[in-house]
Amino acid sequence: MPSNQAPTHLYLSIERAMEFIGDTRGILSLLKTLEQTLSEDLPRLQALLEKGDVHGAYRILHQLKGFTPVFCVDSLVEHVVRVEEMSKHADAAELSVAYSLLAPQLEALRQEVLAHLAHQKPA
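Computed from a predicted model, the values in this text were never measured in an experiment.

Some words on the overall build of the protein chain
Turning to step 1, where the next piece is worked out: Assigned secondary structure in the protein chain consists of 5 helices and 0 strands.
Turning to step 2, where the next piece is worked out: Sequence-ordered secondary structure for the protein chain, helices as α and strands as β, is α-α-α-α-α.
Turning to step 3, where the next piece is worked out: Taken over C-alpha atoms, the radius of gyration comes to 15 Å for the protein chain, in line with the 14 Å a tight globule of 123 residues would show.
Turning to step 4, where the next piece is worked out: With respect to the principal axes defined by its C-alpha atoms, the protein chain has extents near 45 × 25 × 20 Å.

Examining the nonpolar core
Turning to step 1, where the next piece is worked out: One finds Leu31, Leu64, Phe71, Tyr99 and Leu109 to be the most contacted residues of the largest nonpolar core, which totals 35 residues.
Turning to step 2, where the next piece is worked out: Among the elements of the structure, helix H1 (14-21), helix H2 (24-50), helix H3 (54-71), helix H4 (74-86) and helix H5 (92-120) are those that each provide at least two residues to this core.
Turning to step 3, where the next piece is worked out: Contacts of Leu109, omitting those with residues within four sequence positions, involve Tyr11, Leu12, Leu38, Phe67, Cys72 and Leu76.

Here's the deal with the confidence of the model for the protein chain
If pLDDT is low for a region, its predicted coordinates should not be looked at in detail.
Turning to step 1, where the next piece is worked out: In the predicted model, the protein chain carries a mean pLDDT of 92, and the fraction of residues at 70 or more is 92%.
Turning to step 2, where the next piece is worked out: For the protein chain, per-element mean pLDDT is lowest for H1, which scores 94, and highest for H4, which scores 97.

Quick look at the packing of H1 against H2
Turning to step 1, where the next piece is worked out: Running from amino to carboxyl end, H1 crosses H2 at an angle of 115°, the nearest separation of the two axes being 9 Å. With respect to each other, H1 and H2 are oriented roughly perpendicular. Considering how the two elements wind past one another, H1 and H2 form a crossing that is right-handed. For the pair H1 and H2, contact is made by Ile14, Ala17, Met18 and Ile21 and by Thr24, Gly26, Ile27, Leu30 and Leu31, respectively.
Turning to step 2, where the next piece is worked out: Here the contact of H1 with H2 is composed, by residue class, of 7 nonpolar, 2 polar and no charged.

About the cut-offs
Residues numbered from 1 in each chain as written. Predicted model: local features only at pLDDT ≥ 70, side-chain atom pairs only at ≥ 80, totals over all residues. Heavy atoms only, no water. Helix = DSSP H or I, 4+ residues; strand = E, 2+ residues; numbered from the N terminus. Rg over C-alpha atoms; globule rule 2.2 N^0.38 Å. Core = buried A, V, L, I, M, F, W, Y, C linked by side-chain atoms within 4.5 Å. Buried < 20%, exposed > 50% of the residue type's maximum accessible area, 1.4 Å probe, protein only. Contact = heavy atoms within 4.5 Å. pLDDT = per-residue confidence, 0-100. Axes fitted to C-alpha atoms, helices over the stretch in contact; angles between N-to-C directions. Parallel < 35°, antiparallel > 145°, perpendicular 65-115°, else oblique. Left-handed = near helix turned anticlockwise from the far one by under 90°. Nonpolar A, V, L, I, M, F, W, Y, C, P; charged D, E, K, R; others polar.

Here it is as structure tokens:
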């Protein structure tokens, strides 16, 4: 890939973020926060589910649901919303299964954010 071409993303939508935020500097700032949040919260969420803490998992999923409409493609937004909604009433086993299908997408999103941020740094 030529160095002047931005990486393509499956889950991250910079166009959508631009519609919400309006300026590149604001997007970059929030992307850094998003990357940090994903890096910290995804392992925490997995640990909570392994302990059967559905309420704790709900809190993290609720936060994730908040940023996905700004930065993510519709399919990922819908998936996060479904799992977050499920966390309000599902038992730990059901929620773990649902999250196991979502987790690889969230990790891919985290990697896309990292790639995008790396691409923004001056050569």
